[in-house]
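The chain contents come next:
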Amino acid sequence: MSVLSTSPVEPAVLQPAPVKRLLSLDTLRGFDMFWIMGGEEIFQVLAKTTGWAWAILIADQFTHPSWNGFRAYDLIFPLFVFMAGVSTPFSIGSRLEKGDEKAQIARKIITRGIILVLLGIIYNNGLFVKAIEDTRFPSVLGRIGLAGMFAQLIFLYAKPRTQYIWFVGILLGYWAAMMLIPVPGCGAGVLTMECNLASYIDRMVVPGHLYKTIHDPEGLFSTIPAIGNALLGIFAGSFLKTHGKTGNQKALQLIGAGALFIFLGVVWNFVFPINKNLWTSSFMLVTGGLSLTLLGIFYWIIDVKGIKGWTFFFTIIGMNSILIYLAGEFIEFEYATHFFFGGLIKLLSSGWVAALLGVLGYIAVKWVFLYFLYKKKTFLRV
């Protein structure tokens with residue numbers, strides 16, 4: 001992993017190598033990360049301080065369901081996994097076209113996956129702070145690393161038709177395992193937090209501490225269907241890389257495929273509930289369909305129609321998304337926000353306006369930090 005890079009400015013986040021061809025992908029990555037770095041707080045603050053019905057409605061979409069169900073906030077994580085897949089045909093595909101050996105590429109893929117797992121452990125626990133039994137090993141970065149790693153290895157070694165078989169097999173196989181394999185003391189097909197195969201396996205094989213003691217939403221077994229999100233991204237990236245279709249046709253087909261996957265996920269929900277905690281196959285299809293739809297929309301607006309003036313704000317975020325995700329653990333952005341904006345906000349406004357300006361100031365501090373790194377051509381690359 002190269003922490004400090006002084007190479008030319010190229011977006012390279014959650015992907016094997018810089019991707020130059022799709023500004024829409026870079027923008028979508030930044031758009032996705034914007035909500036994690038504070039964007040969702042805009043509506044949370046408005047909901048709490050004003051009581052406006054529309055703000056409460058939107059703020060509710062930036063929370064997670066307690067178990068089954070889906071809200072907009074649930075898309076952020078799988079969208080990252082999907083985008084790692086989209087970049088794969090451009091990055092790894094270009095290396096294959098140059099004649100690089102598959103074994104060498106595979107070593108880099110596996111190394112990258114392991115590094116993300118280690119970064120996730122450090123993010124959750126710090127460096128050598130907790131005993132092994134108190135350490136939480138599953139993580140968001142770990143799932144991104146493992147799902148992306150296995151999907152990229154499938155892309156590297158399997159032909160396109162076999163990749164589709166892997167995709168369908170993963171989703172059907174996970175469904176069959178969750179519904180047919182009995183859990184001791186619970187039986188088969190039970191999908192409560194206490195009684196489900198994924199949580200049971202994690203309790204048996206994952207060392208340390210699970211996030212919810214009996215269950216971890218980023219557990220090892222439920223990472224398997226997340227490979228499907230990355231594979232779907234690979235299929236989308238391969239499709240965008242092909243010739244013979246116009247940009248309008250590609251955008252329309254991406255959006256159409258997205259609608260189809262959403263429909264299939266909603267139908268599957270009747271027998272295999274949409275559940276982020278278990279990353280059920282229906283959840284994978286719905287989030288994959290929404291990811292395809294967003295990519296199609298961004299691709300059409302930016303790469304096809306050439307409407308690019310608004311993208312800079314988001315691409316700055318996307319170029320260092322791993323760093324800004326980790327930075328909150330060792331940089332006190334709240335203090336910087338209060339230092340630069342606290343007095344002015346208190347002087348000029350009060351109530352909900354002050355609260356909103358506080359959130360916007362917090363986002364501004366983070367963005368300026370990322371912009372400074374961008375100007376210095378410094379990126380955290382994995």
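Refer to the structure printed above.
A short tour of the structure in this document, coming up. All of these numbers come straight from a predicted model, not from anything done at the bench. (Residues numbered from 1 in each chain as written. Predicted model: local features only at pLDDT ≥ 70, side-chain atom pairs only at ≥ 80, totals over all residues. Heavy atoms only, no water.)

### Details of the overall build of the protein
Logical step 1: Scanning the protein from N- to C-terminus turns up 14 helices and 0 strands.
Logical step 2: Beginning at the N terminus, the succession of helices and strands in the protein can be written as α-α-α-α-α-α-α-α-α-α-α-α-α-α.
Logical step 3: Computed over C-alpha atoms, the radius of gyration of the protein comes to 21 Å, within 12% of the 21 Å expected from 2.2 N^0.38 for 382 residues, which places it in the range of a compact globule.
Logical step 4: The principal-axis extents of the C-alpha atoms in the protein amount to approximately 60 × 55 × 45 Å.
Logical step 5: Buried residues in the protein amount to 53% of all 382 residues.
Logical step 6: Excluding contacts between residues fewer than 6 apart, the proportion of contacts in the protein whose partners are at least 24 apart in sequence is 74%.
Logical step 7: Per element, the accessible surface of the protein, about 17,600 Å² overall, is 68% carbon and sulfur.
Logical step 8: Across the protein, 30 positive and 20 negative side-chain charges occur, with their mean positions spaced 10 Å apart. (Helix = DSSP H or I, 4+ residues; strand = E, 2+ residues; numbered from the N terminus. Rg over C-alpha atoms; globule rule 2.2 N^0.38 Å. Buried < 20%, exposed > 50% of the residue type's maximum accessible area, 1.4 Å probe, protein only. Contact = heavy atoms within 4.5 Å. Areas by Shrake-Rupley, 256 points an atom, 1.4 Å probe, with all protein chains shown as cover. Lys, Arg positive; Asp, Glu negative; His and termini not counted. Charge placed at Lys NZ, Arg CZ, Asp CG, Glu CD.)

### Quick word on the pattern of salt bridges
Side-chain pairs of opposite charge can arise where the charged atoms are in close proximity.
Logical step 1: By the definition in use, this model includes 7 salt bridges.
Logical step 2: Connected through salt bridges with shared partners, the residues R136, D216, E218 and K276 form a single ionic network. (Salt bridge = Lys/Arg side-chain N within 4 Å of Asp/Glu carboxyl O.)

### Side note on helix α4 (residues 102-125)
Logical step 1: With 24 residues, α4 extends 35 Å from end C-alpha to end C-alpha; this agrees with the ideal 34 Å at 1.5 Å per step.
Logical step 2: Inspection of α4 places I105, A106, I109, R112, G113, I115, L116, L119, G120, I121 and N125 among the buried residues, and these make up the whole buried set.
Logical step 3: Elements in contact with the buried residues of α4: α3 (76-97), α5 (140-157) and α12 (321-327).
Logical step 4: Just beyond α4, the residue with positive phi is G126, at close to 80 degrees. (Expected span 1.5 Å × (residues − 1).)

### Considering the packing of helix α1 (residues 23-50) against α3
Logical step 1: Viewed as axis vectors pointing N to C, α1 and α3 meet at an angle of 160 degrees, and their least axial separation amounts to 10 Å. One element, α1, and the other, α3, form an angle in the roughly antiparallel class. Every pair of crossing elements has a handedness; the one defined by α1 and α3 is left-handed. Contact with α1, carried on its side by L25, L28, R29, D32, M33, W35 and I36, involves I76, L79, F80, M83, V86 and S87 of α3 and no other residues of that element.
Logical step 2: Of the residues belonging to the contact of α1 with α3, the class tally is 10 nonpolar, 1 polar and 2 charged. (Axes fitted to C-alpha atoms, helices over the stretch in contact; angles between N-to-C directions. Parallel < 35°, antiparallel > 145°, perpendicular 65-115°, else oblique. Left-handed = near helix turned anticlockwise from the far one by under 90°. Nonpolar A, V, L, I, M, F, W, Y, C, P; charged D, E, K, R; others polar.)

### Description of a nonpolar patch on the surface
Logical step 1: Side chains of W52, W54, W352, V353, L357 and L360 sit close together on the surface and give an oily, nonpolar patch of about 520 Å² of accessible area.
Logical step 2: Counting through the fold element by element, W54 comes out in helix α2 (residues 53-61).
Logical step 3: Residue W54 is classed as partly exposed on the basis of its relative accessible area of 44%. (Patch = residues over 30% accessible without salt bridge, like charges linked within 9 Å, V, L, I, M, F, W, Y side chains within 5 Å.)

### Side note on the state of the cysteines
Logical step 1: Scanning the entire structure with this criterion turns up 1 disulfide.
Logical step 2: One disulfide in the model links C186 with C195; its S-S distance is 2.0 Å. Taking the sign of the torsion about the S-S bond as the criterion, the disulfide between C186 and C195, at about -60 degrees, is left-handed. (Disulfide = S-S within 2.5 Å.)

### Some thoughts on the nonpolar core
Logical step 1: Membership of the largest hydrophobic core comes to 107 residues, with the highest contact counts inside it found for I42, F82, F167, M178, L231, L232 and L295.
Logical step 2: The biggest single contributor to this core is α1, with 11 residues.
Logical step 3: Not counting the four nearest positions on each side in its chain, M178 is found in contact with G189, L191, N196, L197, A198, F221, F272 and L278. (Core = buried A, V, L, I, M, F, W, Y, C linked by side-chain atoms within 4.5 Å.)

### As for the packing of aromatic side chains
Logical step 1: Taken as a whole, this structure holds 34 aromatic pairs when the rule is applied.
Logical step 2: Taken together, a centroid distance of 5.9 Å and an interplanar angle of 65 degrees make the contact between F34 and F313 edge-to-face. Of this pair, F34 sits in helix α1 while F313 sits in helix α11 (residues 312-318), and the two are 279 residues apart along the sequence.
Logical step 3: Between F313 and W367, the ring centres sit 5.7 Å apart and the planes meet at 10 degrees, which makes this aromatic pair stacked. Taken as a pair, F313 in helix α11 and W367 in helix α14 (residues 351-375) lie far apart in primary sequence, 54 residues in all. (Phe/Tyr/Trp six-rings, centres within 6.5 Å; stacked < 30°, edge-to-face > 60°.)

### A short note on the packing of α3 against helix α8 (residues 226-241)
Logical step 1: It is the contact of α3 with α8, at a shortest axis distance of 7 Å, that shows an interaxial angle of 50 degrees. Put simply, α3 runs oblique to α8. Where α3 crosses over α8, the two elements pack in a sense that is right-handed. Between α3 and α8, the residues in contact are P78, V81, F82, G85, V86, T88, P89, F90, G93, S94 and E97 and A226, N229, A230, L232, G233, I234, A236, G237, S238, L240 and K241, respectively.

### Here we look at unusual backbone geometry
Peptide bonds are mostly trans, and most non-glycine residues show a negative phi.
Logical step 1: At T213, a residue that is not glycine, the phi angle is positive and equals roughly 65 degrees.
Logical step 2: Here T213 shows up in the loop between α7 (197-205) and α8.
Logical step 3: Among the residues examined, T213 registers a relative accessible area of 57% and is labelled exposed.
Logical step 4: Positive phi, normally seen in glycine, also occurs at W279, with a value near 50 degrees.
Logical step 5: Looking at the secondary structure, you find W279 in the loop between α9 (247-268) and α10 (281-304).
Logical step 6: Classification of W279 by relative accessible area gives buried; the value is 0%.

### Let's talk about the environment of E101
Logical step 1: The topology assignment puts E101 in the loop between α3 and α4.
Logical step 2: Looking at E101, the relative accessible area reads 55%, which means it is exposed.
Logical step 3: C-alpha separation for the pair E101 and N125, spaced 24 residues apart in sequence, amounts to 37 Å.

Any functional reading would require information beyond the geometric quantities listed.
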